[in-house]
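A closer look at the structure
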Amino acid sequence: MTEYLKLKKSNCKNCYKCIRHCPVKSIRFSGNQAHIVGDECILCGQCFVVCPQNAKEIRNDVEKAKVLMTENDQVVVSVAPAFAANYTGASIQTMEKALQKLGFTAAEETAVGATIVKREYEAMVREGKEDVIISSCCPTVNMMIQKYYPEALGCLARVMSPMQAHAVSLRKRYPGAKIVFVGPCISKKAEADQYDKVIDCVLTFEELTEWFRQEGIEPEQDTEQNPESRARLFPTAGGILRTMDREDTDNYTYLTVDGIENCMSAVKDIIAGKLSHCFVEMSSCSGSCIGGPAMGKDHRLPVTDYVTIDHYAGKKDFQVEQPPLAEIKLDRGYMGMNHRMPGTLEMKEILRKMGKTKPEDELNCGTCGYNTCREKAVAIYQGKADLSMCLPFLKEKAESFSDNIINNTPNGIIVLNEALEVQQINAAARRIMNIRSESDVLGEQVVRILDPKIFFDVMESGRSVQDKRVYLAEYQKYIEESVIYDKSYRIIMCVMRDVTAEESEREKKEEISRKTIEITDKVVEKQMRVVQEIASLLGETTAETKIALTKLKESLGDE
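Scope of this entry: the structure provided in the associated data block. In this text the structure is predicted, and so the values were computed from the model without any measurement. (Residues numbered from 1 in each chain as written. Predicted model: local features only at pLDDT ≥ 70, side-chain atom pairs only at ≥ 80, totals over all residues. Heavy atoms only, no water.)

Below, the discussion takes up the overall build of the protein chain. Of regular secondary structure, the protein chain possesses 20 helices and 16 strands. In terms of overall size, the protein chain is more extended than a compact globule, its C-alpha atoms giving a radius of gyration of 44 Å where 559 residues would be expected to give roughly 24 Å. Put simply, the protein chain has 559 residues, and 47% of those count as buried. Surface summary for the protein chain: the accessible area is close to 29300 Å², and the carbon and sulfur share equals 51%. (Helix = DSSP H or I, 4+ residues; strand = E, 2+ residues; numbered from the N terminus. Rg over C-alpha atoms; globule rule 2.2 N^0.38 Å. Buried < 20%, exposed > 50% of the residue type's maximum accessible area, 1.4 Å probe, protein only. Areas by Shrake-Rupley, 256 points an atom, 1.4 Å probe, with all protein chains shown as cover.)

Counting 75 residues, the largest nonpolar core has Phe83, Leu99, Phe104, Tyr121, Ile199, Leu208 and Trp211 as the members making the most contacts within it. Those residues in contact with Tyr121 that sit more than four places away from it in its chain are Ser135, Ser136, Cys137, Ala157, Val159, Ile240, Met244 and Phe279. One finds Tyr16, Ile134, Ile145 and Met389 within the second-largest nonpolar core, a separate group that totals 59 residues. (Core = buried A, V, L, I, M, F, W, Y, C linked by side-chain atoms within 4.5 Å. Contact = heavy atoms within 4.5 Å.)

Further remarks concern the sheet that holds strand S15 (residues 477-486). The strand order S13-S12-S16-S15-S14 describes an open sheet built from 5 strands, whose pairing is antiparallel. The sheet terminates laterally at strand S13 (422-425) and strand S14 (465-472), the two strands that pair on one side only. Taken pair by pair, the neighbouring strands of this sheet meet at an average axis angle of 25°, ignoring direction. The sheet contact formed by strand S12 (residues 412-417) and strand S16 (residues 491-498) spans 6 bridges and is antiparallel. Bridged to Ile413 within S16 is Val495. Sheet contacts for helix H19 (residues 453-461): S12, S14, S15 and S16; angle to S15, the most-contacted strand, approximately 30°. (Pairing = 2+ DSSP bridges. Axes fitted to C-alpha atoms, helices over the stretch in contact; angles between N-to-C directions.)

One pass over the structure, following the stated rule, counts 32 salt bridges. Close ionic contact of Glu327 with Lys172 constitutes a salt bridge, the shortest N to O distance being 2.8 Å. Of the two residues, Glu327 is situated in helix H14 (residues 325-328) and Lys172 in helix H8 (residues 162-173); the sequence distance between them amounts to 155 residues. With relative accessibility at 34%, the residue Glu327 sits in the partly exposed group. Given a relative accessible area of 45%, Lys172 falls into the partly exposed group. The shortest N-O distance in the salt bridge between Arg497 and Glu480 comes to 2.8 Å. (Salt bridge = Lys/Arg side-chain N within 4 Å of Asp/Glu carboxyl O.)

Our next topic: helix H5 (residues 92-102). An α-helical turn contains 3.6 residues, so any two residues separated by three or four positions project in the same direction. Every buried residue belonging to H5 is among Ile92, Thr94, Met95, Ala98, Leu99 and Leu102, and all of these are buried. Down the axis, H5 shows its buried residues gathered within 160° of arc, on one side only. Close packing links the buried residues of H5 with helix H3 (62-71), strand S5 (75-79), helix H4 (83-86), strand S6 (106-109), helix H10 (205-215) and helix H13 (302-312). Of the residues flanking the end of H5, it is Gly103, one or two places downstream, whose phi is positive at about 120°. (Arc of directions from axis to C-beta.)

Relative to each other, H5 and H10 sit at 65°, their axes nearing to 11 Å. Here the hand of the crossing between H5 and H10 comes out left-handed. Listed contacts from H10 to Met95, Ala98, Leu99 and Leu102 of H5 are Leu208, Trp211, Phe212 and Glu215. Within the contact of H5 with H10, the residues separate by chemical class into 7 nonpolar, no polar and 1 charged. (Left-handed = near helix turned anticlockwise from the far one by under 90°. Nonpolar A, V, L, I, M, F, W, Y, C, P; charged D, E, K, R; others polar.)

As a further point, take the sheet that holds strand S9 (residues 201-204). Here we have 4 strands laid out as an open sheet, ordered S6-S5-S8-S9, and parallel in their pairing. Looking at the sheet topology across the chains shown, the edges are occupied by S6 and S9. Each strand axis lies, on average, 25° off the axis of its neighbour in the sheet, ignoring direction. For S5 and strand S8 (residues 178-183), the ladder comprises 5 bridges, and the chain directions are parallel. Bridged to Val75 within S8 is Lys178. In the packing of helix H9 (residues 187-194) onto the sheet, the strands contacted are S8 and S9, and the crossing angle to S9 comes to about 180°.

By themselves, these observations are geometric and do not establish any function.
Dropping the structure here:
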């Protein structure tokens, strides 16, 4: 399928919001990015509307429209009736003037085509041949049935949408002209591409508004009231039924269903045979087309918009030439998809890898975007999701991993909040401080077990303390203490290494050294005394010998 919704990769933030809101889960998550699976997408636009990072963008066809005007003498615009809500105070006349300033030949409201379509609906109801009739105005509903509920294809009205019916009428009145549709819908782009001989280009209101802004054009306000404009009600919930004449068709039940989830439920009921002999108006958008994904972001006002459309619509039908049914009849075929489904063993293995080994492990919390853990497992099997998308599983895994590290490290660890209350304490820290159970201190002030001064100092200065040796007199322990303050998480972490044995060993070595020095000093002192005594004795003996020898020398000299 052509890419109508594109991804801005740099903006995707792993929030899974688009998957949670996608009614058919046509989003594949890979490479930390959410990718739209075109063949499965029904272009409801929910992912575009809910994305908090504006990571989705609609294909822009303004350049295509400009090329049409360059290459053709006549380019006529069909303006969806929701314009009255999107362009406050504008009428079809002022819209046409603004569009002509852009270079278009003329403009009409698509409500003219809606009148053609609703007359065919009235004829179908009068004939009463169909048990259940589903309106065919919403291309997203049509696509949903074609792709996911082919059993209900027979109930889908075999009539063109108002956009296509209007284009047929315009081509008769503007021979050779190119037709551009403008509206609040993304899926109209796909409808135009699918039936390319009917509509040449589709622009959203957002595209047109930006084009107007670039050219400095703003549609003027006008109080025009046309009594022959009842079909302007089409873009509101129940608007099709309000437009239809049903006096002679009371044998049918008439239902209005808006919102894609409600439409899916209604189609399931139709397939199950729970509804019969009824006409069902379906719109994928809540509130119908005025709640479309490409309405201007400043114009998502369901109540105000409804009132605006209601006031702008007339009480009678447009005077239009009804074309032969053959010209506006349209059969929609099955656009089915073949999905591989996991077997029992494969499903069990995927669930095991997700940490779902027991039924109670399947929380079905929906944070991954899927309604149930088993839906997520199927998506994994089909390559649309991966295991890391299960947040409870990742949280449990991360907590288990961190708990294993904290509880098995030989170092004591204490985590405090900014009020200096104990948030976590591991077994090693409890051994250091002789604490029997963590429940004895959790939530308590740290002053109960430690001097809080160092924690105050670290919080005030913002500077961590590394490997500070401290003696815990109360516990008769020496520790090396590191204190870290994490401002972003508002926690203080204290890591303690018990160095009591090292300190005792160091003290023993110091004592041995001291005693050795004392003994050495005593030995040296004693040896010095002995030396001195020997020296003294040697001195006396030498003197006596010297005297004797001197006398002997003198005696020998006299002789």
